[in-house]
Amino acid sequence: MELYPESSHYVNPDKQDSYFGSGYQQFVCTQDTEGYYWKFVKSQATLYPSTLIDHLFGLSQAPDNSIGSLFASTTQEFKRQDGSQVVGTEIVKHVPSADPKKDIPQLRLRARSSAKGNKAFDSVKAILRVDTHGGMPTRECSEASLGSYLNSRFSATYVMWK
């Protein structure tokens, strides 16, 4: 996949963790000289373990199984229940999803962790957002909806590379 880092010195492929994220992206209907459009405001998601067994049996999205959160506006901020945090500081690659009108794009982000240590998000250098579903505006932005907000549900897999 073209999102994965090309350089082996950039990240250690043996040190990666995956998380399933489920949440929403918020947009506001706005207008410029080109017309009406949905402008991105923020994104919020809950993070769950991402294992084949969890997905097969639907365990990964059980409310008591959450392990962290994502909040995004100008940056993507991930927080883990162990206290570790990582921020996506720059979009390095942007790959359109299979259905760009419905699904948010896949991304590779350069990352900055809050610490170097043994917690889950410590020392993360890159974040991949892959396997995206939903998250794009699902209705028309028009004069009648100007200023209104729209929350669009999405899910994605987040891979943290150390």
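Refer to the structure above for everything that follows.
Definitions and limits used
- Residues numbered from 1 in each chain as written.
- Predicted model: local features only at pLDDT ≥ 70, side-chain atom pairs only at ≥ 80, totals over all residues.
- Heavy atoms only, no water.
- Helix = DSSP H or I, 4+ residues; strand = E, 2+ residues; numbered from the N terminus.
- Areas by Shrake-Rupley, 256 points an atom, 1.4 Å probe, with all protein chains shown as cover.
- Disulfide = S-S within 2.5 Å.
- 1 Å grid on protein atoms, 1.4 Å probe; cavity = no way out; pocket = protein on both sides within 12 Å on 5 of 7 lines; lining within 4 Å.
- Points joined across faces, edges and corners; volume = space filled by probe spheres on them.
- Nonpolar A, V, L, I, M, F, W, Y, C, P; charged D, E, K, R; others polar.
- Pairing = 2+ DSSP bridges.
- Axes fitted to C-alpha atoms, helices over the stretch in contact; angles between N-to-C directions.
- Contact = heavy atoms within 4.5 Å.

S.K.: What is the right way to read the overall build of the chain from this model?
M.R.: Of regular secondary structure, the chain possesses one helix and eight strands. In sequence order, the chain lays out its α and β elements as β-β-α-β-β-β-β-β-β. Split by element, the accessible area of the chain, about 9100 Å² in all, is 50% carbon and sulfur.

S.K.: I would appreciate a short explanation of the state of the cysteines in the present structure.
M.R.: A complete count under the given rule lists one disulfide for this structure. Disulfide pairing places Cys-29 opposite Cys-141 at an S-S distance of 1.9 Å. Its S-S torsion of approximately 90 degrees makes the covalent link between Cys-29 and Cys-141 right-handed. Here Cys-141 lies in the loop between strand S7 (126-134) and strand S8 (149-161) and Cys-29 lies in strand S1 (residues 16-32), a separation of 112 residues in the sequence.

S.K.: Please clarify how unusual backbone geometry should be interpreted in this entry.
M.R.: Backbone phi values are negative for most residues with the exception of glycine, while trans is the configuration of most peptide bonds. One non-glycine residue, Ser-123, lies in positive phi territory at about 65 degrees. Tracing the chain through its elements places Ser-123 in the loop between strand S6 (106-113) and S7. In this structure, Asp-131 is a non-glycine residue whose phi angle is positive, near 50 degrees. Within the element layout of this structure, Asp-131 appears in strand S7.

S.K.: What's the story with the layout of surface pockets in this structure? I'm lost.
M.R.: Rolled over the atoms, a probe sized like a water molecule indicates the empty space that remains. Here the largest pocket defines a volume of roughly 330 Å³. If you go around the largest pocket, you meet 22 residues; those closest to its centre are Phe-40, Gln-76, Ile-91, Leu-107 and Arg-129. Looking at the lining of the largest pocket, the elements that each hand over two or more residues are S1, strand S2 (35-49), strand S3 (68-72), strand S5 (85-95) and S6. With five residues, the top contributor of residues to the lining of the largest pocket is S5. Looking at side-chain class alone, the lining of the largest pocket contains eleven nonpolar, nine polar and two charged residues.

S.K.: Looking at this model, I keep getting lost on the pairing of strand S4 (residues 76-80). Mind explaining?
M.R.: The two faces of a sheet get side chains in turn, since along a regular strand they alternate between them. Both S3 and S4 contribute to a ladder of five bridges, which runs antiparallel. The partner of Leu-70 across the bridge, within S4, is Phe-78. Remark: three residues form the turn of the hairpin made by S3 and S4, two consecutive strands paired antiparallel. Two strands pair when backbone bridges link them, and S4 and S5 are joined in this way by four bridges, in the antiparallel orientation. Paired with Gln-76 across the bridge in S5 is Gly-88. In this structure, the hairpin formed by S4 and S5 is closed by a connection of four residues, where Gly-83 is found at a positive phi of approximately 95 degrees.

S.K.: Explanation requested: the sheet that holds S1 in the structure shown.
M.R.: Sheet strands associate in pairs through backbone hydrogen bonding, adopting either a parallel or an antiparallel arrangement. In space, the eight strands of this closed barrel follow the order S1-S2-S3-S4-S5-S6-S7-S8, with antiparallel pairing throughout. Each neighbouring strand pair of the sheet contributes to a mean axis angle of 30 degrees, computed without reference to strand direction. Judged from the 13 bridges that link them, S1 and S8 form a sheet pairing that is antiparallel. Its bridge partner lying in S8, Gly-21 is registered against Ala-156.

S.K.: Even after reading the chapter, I still don't get the side chain of Ser-43, so can you show me in this structure?
M.R.: Note on placement: Ser-43 falls in strand S2. Aside from chain neighbours lying at most four places away, what touches Ser-43 is Tyr-24, Gln-25, Leu-70, Phe-71, Ala-72 and Phe-154.

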